[in-house]
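Listed here are the chains, written in short residue letters.
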2 protein chains.
Amino acid sequence: MYEGVVQGLIDELGRLPGVGPKSAQRIAFHILQAEQTDVRRLAHALLEVKDKVRFCAVCGNVAQEELCGICRDVRRDVTVICVVEEPKDVVAVERTREFRGKYHVLGGAISPIEGVGPDDLRIRELLTRLADGTVTELILATDPNLEGEATATYLARMIKPMGLRVTRLASGLPVGGDLEYADEVTLGRAFEGRRLLDV
Amino acid sequence: MYEGVVQGLIDELGRLPGVGPKSAQRIAFHILQAEQTDVRRLAHALLEVKDKVRFCAVCGNVAQEELCGICRDVRRDVTVICVVEEPKDVVAVERTREFRGKYHVLGGAISPIEGVGPDDLRIRELLTRLADGTVTELILATDPNLEGEATATYLARMIKPMGLRVTRLASGLPVGGDLEYADEVTLGRAFEGRRLLDV
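On a predicted model such as this, the values are computed, not experimentally measured, just so you know.

### Some thoughts on the overall build of chain A
Counting secondary structure elements, chain A contains eight helices and six strands. Along chain A, helices and strands appear, N-terminal first, in the series α-α-α-β-β-α-β-α-β-α-β-α-β-α. Relative to the 2.2 N^0.38 estimate, which gives 16 Å for 199 residues, the radius of gyration of chain A is 21 Å and therefore markedly larger than a compact globule would have. Within chain A, the proportion of its 199 residues that are buried is 41%. Excluding contacts between residues fewer than 6 apart, the proportion of contacts in chain A whose partners are at least 24 apart in sequence is 47%. Within the structure as shown, chain A displays about 11700 Å² of accessible surface, and the carbon and sulfur contribution to it stands at 53%. Both charge centroids of chain A, one from 26 positive and one from 31 negative side chains, sit 4 Å from each other.

And the structure:
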C-alpha cells in the first residue's frame, strides 16, 4: 500500500507483540514526522539492549553484567528465594517493597500445550542454588493460572523433601476489587484462604 | 525499575503513540528474546524511513523520490484533486479503488486549540496547483470532525469563486452499522443527505 520503506517499517512494527496493523501505521507516521535524533535514539536503544543485556548467571533475571543488580546486592536476604516465571515478574514483586530476598527466574512455566516441559525451565539451576543449605524458604510466585499452578506444584513436590519451607503466594480477591465481579475460582480461593480476624 | 539499558528502551518505546508503559515493557522483553537479526532489521527500518522518505514536492504525500508514485502515474486523472489531511488518508481512499484522480495532502487540519492555522497547512501549494485551470473538481476529504469540517469550509469559501466544482464526501450511516447505535449527529446528517431511491 505504501511506498517501499514506509511499508517495510509498518511490517516490522506489526511483528511486535500487541501492535496491530493500525497501530503499526500510526507509529510509522509518528516516526516519519519525529525528529531525526529521537528516531536515532530509539534505534540505538533497540540495538543496545540486544548488545548489552544478558541474563544473570545466578538467577536468570536481566543483567548488564555477569550478575544482576539484586544478586550483586549484599544487603538482600540470601535465605529466601522467590521463584518467578519472567524478569518482568521480578519488577512486579520489587514494586511491592515487601520482599528483600533473592529471586530465581524460571524463564516460563510448564505448558504441555506450548511444548514447555520442566527441562526447558531453569530448574536445574535452582536446585544447584539450594544445594549448600543457605536457602531456608522458597516462595513460589509463578502466575496464578493453569501453567503457573502446575509449575508450582511440580517444584513443591520436588523440593519439599529437601526440608525447605516451600510457600505459594495467596490467591484471593484483588484489593480494591468488587466481590460481585470476582470469578468463581478466585472467590472460591478467597473462601478457602479465609483468615481469622484478630479484633 | 529495570537495569539501565532495558529501562532506556522501555522509556523510548513508551514515547510512541498508543504504546503505554505495559505495552512498552512487553515489547522490550520481546526484543530481549528476539533474534539479533530481527532487531537489527527493525532498527534499520526505523533509520531508513527517516533517511529515505520525504514528502512529494507536488501533493505532500510520502515519497521516496522527488514525486510520489501517484503524482508520477500518468494514468491518473489530472482534472480531479482529492484533498486530505494526512498521507494515511491517501492510503484509505486508495483502498476504496473509487478514486482515480490526484491527491493533495494538507498536513493536518485547522485547529485553533492546537494552534494550527491555515498558514500551517499546504494551502498555498494547493492554490498553485489550481492556477493553470487543469483541475475542474476538488473533493474535500478532510476528516468528518470539527477540525476537518472547519478546514473544508475554509477551503470551499476560498476556492469556489475560482469556478471549480468543490465537493465534500458524504456523511451518513456507516455501511454495516446499526441505526440504533449511530450518534445523533451522524443520524441527523444521514437524514439531511437522504436520497431518492430509483426503483
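Don't stop here, the text continues.
### Section: the UniProt feature "domain: Toprim" (unreviewed entry) in chain A
Taken from the UniProt record, the annotation "domain: Toprim" (unreviewed entry) applies to residues 79–174 of chain A. Helix makes up 33% of residues 79–174 of chain A and strand 18%, with an end-to-end C-alpha separation of 29 Å.

### Concerning the packing of aromatic side chains
Residues and elements named next belong to chain A. Under the counting rule described, the total for this entry stands at two aromatic pairs over all chains. Taking 5.2 Å as the distance between ring centres and 70° as the angle between the ring planes, the aromatic pair formed by F99 and Y103 counts as edge-to-face. Of the two residues examined, F99 and Y103, each falls in the buried class.

### Brief notes about the interface of chain A and chain B
On the side of chain B, 49 residues touch chain A, which itself brings 49 residues to the contact. Across the contact surface, chain A and chain B share two salt bridges. Measuring nitrogen to oxygen at the nearest pair gives 2.8 Å for the salt bridge that ties R41 of chain A to E12 of chain B. Counting every contact that joins chain A to chain B gives twelve residue pairs in polar contact (both at pLDDT 80 or more). Per-element accounting of the side of chain A that touches chain B gives the leading share, 14 residues, to helix α3 (residues 36–52) of chain A. For the side of chain A that touches chain B, the per-class residue count stands at 27 nonpolar, eight polar and 14 charged.

### Overview of the pattern of salt bridges
All names here are of chain A. One pass over the full model with this rule turns up 21 salt bridges over all chains. Here E48 makes a salt bridge to K52, at a shortest N to O gap of 2.8 Å. With E48 and K52 both in helix α3 and four residues apart, this pair spans about one turn of that helix. Overall, K52 belongs to the partly exposed group, its relative accessible area being 41%.

### Points about the nonpolar core
Ranked by internal contacts, the top residues of the largest apolar core, which has 42 residues, are L9, L13 and I31 of chain A together with L9, L13 and I31 of chain B. Ignoring sequence-local partners within four residues, the contact set of I31 of chain A consists of L9, V39 and L42 of chain A together with L16, L46, V49 and K50 of chain B.

### Side note on the sheet that holds strand β4 (residues 101–105) of chain B
All names here are of chain B. A sheet is described by the order of its strands in space; here four strands give the open sequence β4-β3-β5-β6, paired in parallel fashion. Every other strand in the sheet has two partners, leaving β4 and β6 (165–168) as the edge strands with one partner each. The mean inter-strand angle of the sheet, taken between neighbouring strand axes irrespective of direction, is 25°. Pairing analysis gives four bridges linking strand β3 (residues 77–84) to strand β5 (residues 137–140), with the strands arranged parallel. Note on β5: the bridge partner recorded for V80 is E137.

### So, the confidence of the model for chain A
The predicted model of chain A has a mean per-residue pLDDT of 90, with 98% of residues at 70 or higher. Reported confidence for the predicted complex is 0.73 by ipTM and 0.72 by pTM.

### Some remarks on the relation of the copies chain A and chain B
Mapping chain A onto chain B is achieved by rotating through 179° and translating by 0.0 Å along the same axis, at an RMSD of 0.1 Å. Those values place the two copies in the arrangement expected of a two-fold rotation axis. Within chain A, A43 of chain A has its C-alpha nearest the rotation axis, a separation of 2.3 Å. Interface overlap between copies is the fraction of interface residues in one copy that are interface residues in the other; for chain A against chain B it reaches 100%, indicating a shared surface.

### Description of the sheet that holds strand β6 (residues 165–168) of chain A
Residues and elements named next belong to chain A. What the four strands build is an open sheet, ordered β4-β3-β5-β6; its pairing is parallel. The open sheet has two free edges, formed respectively by β4 (102–105) and β6, since each of these has just one partner strand. Within the sheet, the average angular offset between the axes of one strand and its neighbour, ignoring direction, is 25°. Relative to β6, strand β5 (residues 137–140) runs parallel, the two sharing four bridges. Bridged to L138 within β6 is V166. The sheet strands contacting helix α5 (residues 87–96) are β3 (80–84) and β4, and the helix crosses β4 at an angle near 155°. Of the strands in this sheet, β3, β5 and β6 are in contact with helix α7 (residues 146–159), which crosses β6 at around 170°.

### A look at the domain arrangement of chain A
Often, the extent of an interface is quoted as the loss of accessible area on bringing the components together. Assigned domains within chain A: domain 1 (3–51) and domain 2 (53–166). Computed over C-alpha atoms only, the centres of domain 1 of chain A and domain 2 of chain A are separated by 34 Å.

Criteria and cut-off values
Residues numbered from 1 in each chain as written. Chains lettered and ligands numbered in written order. Predicted model: local features only at pLDDT ≥ 70, side-chain atom pairs only at ≥ 80, totals over all residues. Heavy atoms only, no water. Helix = DSSP H or I, 4+ residues; strand = E, 2+ residues; numbered from the N terminus. Rg over C-alpha atoms; globule rule 2.2 N^0.38 Å. Buried < 20%, exposed > 50% of the residue type's maximum accessible area, 1.4 Å probe, protein only. Contact = heavy atoms within 4.5 Å. Areas by Shrake-Rupley, 256 points an atom, 1.4 Å probe, with all protein chains shown as cover. Lys, Arg positive; Asp, Glu negative; His and termini not counted. Charge placed at Lys NZ, Arg CZ, Asp CG, Glu CD. UniProt positions renumbered as here; feature names shortened; annotations may be inferred. Phe/Tyr/Trp six-rings, centres within 6.5 Å; stacked < 30°, edge-to-face > 60°. Salt bridge = Lys/Arg side-chain N within 4 Å of Asp/Glu carboxyl O. Polar contact = N/O pair within 3.5 Å; in protein donor to acceptor, adjacent residues only side chain to side chain. Nonpolar A, V, L, I, M, F, W, Y, C, P; charged D, E, K, R; others polar. Core = buried A, V, L, I, M, F, W, Y, C linked by side-chain atoms within 4.5 Å. Pairing = 2+ DSSP bridges. Axes fitted to C-alpha atoms, helices over the stretch in contact; angles between N-to-C directions. pLDDT = per-residue confidence, 0-100. Least-squares fit on C-alpha atoms with pLDDT ≥ 70 in both. Domains from an automatic or database assignment.

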